[in-house]
Amino acid sequence: MGETRDITRLPELLRELPPGERALAGRIFEVSGATGRLVPPETMHPWIESSFGSVEAVREQRIVRVTNRFTLEGTLFNSLRASRPLDARTETDLEEEIAATEGDPFCRPEEGTPENVFGRVRGRYATTAANIAMYDAYHGVIVFDDHDPLHLTSEKVSDYVEVGLAWHRRVLETDPEYRYLFLMWNCLWRAGGSILHGHAQTVATRGPHYPKVERLRRAAAVYRAEHGSDYFKDLLRVHEFLGLSVPASGEAAAFASLTPIKEKELVVIGASPEDEALKHSVGVLLELFVRRLGVVSFNVAFCLPPAGPTPEDWSGFPAVVRIVDRGDPASRTSDIGAMELYAAPVVASDPFRVAEALRG
């Protein structure tokens, strides 16, 4: 494989792989490249040069499209966007803004928040509340002891996850039908967090899992039926031999995704929700996200198999965690538009650069 690795060279990188690896990558991903051309008027040249370095940089733009054949997740990468350095923001104003909200109801959860019908779950660094406006019949909030959500460590994150799992065990004691857990963290308003105080959320449902998790299960089942192989292990292998792995603990594994839903998306895979290596890996990667990549607003989603028997076949389905940067909270431009909602994400960050930065 050539020395230079970047996402806009992905078609060439795949062709340079050994035959077996190339075939596996082609089994899962459809990859194509195209060139976009434009003709800017001379009056625009000074602005283009100051913004992009040269006029030639915008005249021809390499576009790479990556589609997962089984999940139908796909992403468009543009050479002009992907060539920019990774952001490394410092948010002193943000720290002041977060500090200014201290004293909110989450600072006193026992007084300022409702509790679920089975009471509260308390951990070393967090306690649960009930969400005042529920997504489902069982909806909890993991309220962090830290007001500032960016004062995180791997130890704290592991505890937040364990509190969420303990919350679900209490749900199951109350109503065993609610076997399907979804655990999420929307950090700051850019990522959908309506309260600045650090908190994650847990929601449980009955019947089939939430549609996007069920779609992933079905895609993995189709893959296994067609190829007699484990989808998640093969997905991991493709990212590994392309050089997209990032640090993880124990038996857990992680990579910078070839089909990110938005900027810098990471995928972490563990044996089960209870896997300590998985919790630790998510915590370490979030620390690196914040400290090394300057990410301040992000989403974390735990796609988990059900806790107990179900009509669907969940055999071999691991715990899958997705982490994505949601951009600068100071920006008034949304990172999600019609393309992301209804077609395919357009992503500026290069997964190869993300992986390299996190490996350090």
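No experiment lies behind these values; they were computed from the predicted model shown.

(A) How the structure looks around the overall build of the chain. Of regular secondary structure, the chain possesses 13 helices and 13 strands. For 360 residues, the compact-globule formula gives about 21 Å, and the C-alpha radius of gyration of the chain, at 21 Å, lands near that figure. Principal-axis analysis of the C-alpha atoms places the extent of the chain at approximately 65 × 55 × 35 Å. When burial is assessed residue by residue, the chain has 54% of its 360 residues classed as buried. Restricting the contact set of the chain to residue pairs at least 6 apart, pairs at least 24 apart contribute 68%. Just so you have it, the chain exposes about 16,700 Å², and 52% of that area is on carbon and sulfur atoms. If the 40 positive side-chain charges of the chain are averaged to one point and the 52 negative ones to another, these points end up 5 Å apart.

(B) Summary view of the nonpolar core. In this structure, W185, L242, F298 and I323 are the most contacted members of the largest nonpolar core, which totals 95 residues. Take this core: its biggest share by element is eight residues, from helix α8 (residues 154-174).

(C) Up close: the packing of α8 against helix α11 (residues 276-291). In the contact formed by α8 and α11, the axes pass within 8 Å of each other and the chain directions differ by 135°. The angle between α8 and α11 places the two elements in the oblique class. The two elements α8 and α11 meet at a crossing, and its hand is right-handed. Between α8 and α11, the residues in contact are S154, V157, S158, V161, E162 and L165 and K279, H280, V282, G283, V284, L286 and E287, respectively. Here the residues of the contact of α8 with α11 sort into six nonpolar, four polar and three charged.

(D) Region of the structure containing the pattern of salt bridges. Throughout the structure, instances matching the rule amount to 27 salt bridges. Salt bridges sharing common partners tie together E162, R169, E274, E276 and K279.

(E) Summary view of unusual backbone geometry. Phi is positive for L72, which is not a glycine, with a value near 60°. Note on placement: L72 falls in the loop between β2 (60-68) and β3 (74-78).

(F) Summary view of the environment of G316. Counting through the fold element by element, G316 comes out in the loop between β11 (298-303) and β12 (319-325). Classification of G316 as exposed rests on a relative accessible area of 58%. Taking the C-alpha atoms as reference, G316 lies 9.9 Å from S272; in sequence the two are 44 residues apart. When residues no more than four places from it in sequence are discounted, the contact partners of G316 are D230 and F232.

(G) The sheet that holds strand β5 (residues 138-144), seen in detail. The nine strands are arranged β4-β5-β7-β6-β11-β12-β10-β9-β8 in an open sheet whose pairing can be described as antiparallel. Since the sheet does not close on itself, it has two edges, and those belong to β4 (126-130) and β8 (245-246), each with one partner.

(H) Broad picture of a negative patch on the surface. Residues D93, E95, E96 and E97 make up a contiguous surface patch of negative charge. Looking at where E96 falls in the secondary structure, it is placed in helix α6 (residues 92-99). In this structure E96 comes out as exposed when scored by relative accessible area, which is 55%.

(I) Region of the structure containing the sheet that holds β2. Overall, mixed pairing links the four strands, which are arranged β1-β2-β3-β13 in an open sheet. The open sheet terminates on both sides in strands that have one partner only, identified here as β1 (29-37) and β13 (346-347). Bridge count between β2 and β3: five bridges; the pairing is antiparallel. Considered in β3, the bridge of V66 is made with T75.

(J) Local environment of the packing of aromatic side chains. Under the definition given, this model contains 14 aromatic pairs. Where F144 meets W185, the ring centres are 5.0 Å apart and the plane angle is 85°; that geometry is what we call edge-to-face. Linking F144 in strand β5 with W185 in strand β6 (residues 180-187), this pair joins segments that are 41 residues apart in sequence. Residue F144 shares its accessibility class with W185, and that shared class is buried. Put simply, the rings of F70, Y180, Y223, Y231, F232, W314 and F317 touch in pairs and so form one group of aromatic residues. Sitting over the face of the ring of W314, R217 holds its NZ or CZ atom 5.7 Å from the ring centroid.

(K) Spotlight on the pairing of β6. Burial runs high along β6: eight of the eight residues are buried. Of the two faces of β6, both are covered, the one formed by Y180, F182, M184 and N186 as well as the one formed by L181, L183, W185 and C187. The sheet contact formed by β6 and strand β7 (residues 199-205) spans five bridges and is antiparallel. Looking at the pairing, Y180 lines up with T205 of β7. Strand direction decides the pairing type here: β6 and β11, joined by six bridges, are antiparallel. Bridging across to β11, N186 finds its partner in N299.

The rules we used
Residues numbered from 1 in each chain as written. Predicted model: local features only at pLDDT ≥ 70, side-chain atom pairs only at ≥ 80, totals over all residues. Heavy atoms only, no water. Helix = DSSP H or I, 4+ residues; strand = E, 2+ residues; numbered from the N terminus. Rg over C-alpha atoms; globule rule 2.2 N^0.38 Å. Buried < 20%, exposed > 50% of the residue type's maximum accessible area, 1.4 Å probe, protein only. Contact = heavy atoms within 4.5 Å. Areas by Shrake-Rupley, 256 points an atom, 1.4 Å probe, with all protein chains shown as cover. Lys, Arg positive; Asp, Glu negative; His and termini not counted. Charge placed at Lys NZ, Arg CZ, Asp CG, Glu CD. Core = buried A, V, L, I, M, F, W, Y, C linked by side-chain atoms within 4.5 Å. Axes fitted to C-alpha atoms, helices over the stretch in contact; angles between N-to-C directions. Parallel < 35°, antiparallel > 145°, perpendicular 65-115°, else oblique. Left-handed = near helix turned anticlockwise from the far one by under 90°. Nonpolar A, V, L, I, M, F, W, Y, C, P; charged D, E, K, R; others polar. Salt bridge = Lys/Arg side-chain N within 4 Å of Asp/Glu carboxyl O. Pairing = 2+ DSSP bridges. Patch = residues over 30% accessible without salt bridge, like charges linked within 9 Å, V, L, I, M, F, W, Y side chains within 5 Å. Phe/Tyr/Trp six-rings, centres within 6.5 Å; stacked < 30°, edge-to-face > 60°. Lys NZ or Arg CZ within 6 Å of the ring centre and 35° of its normal.

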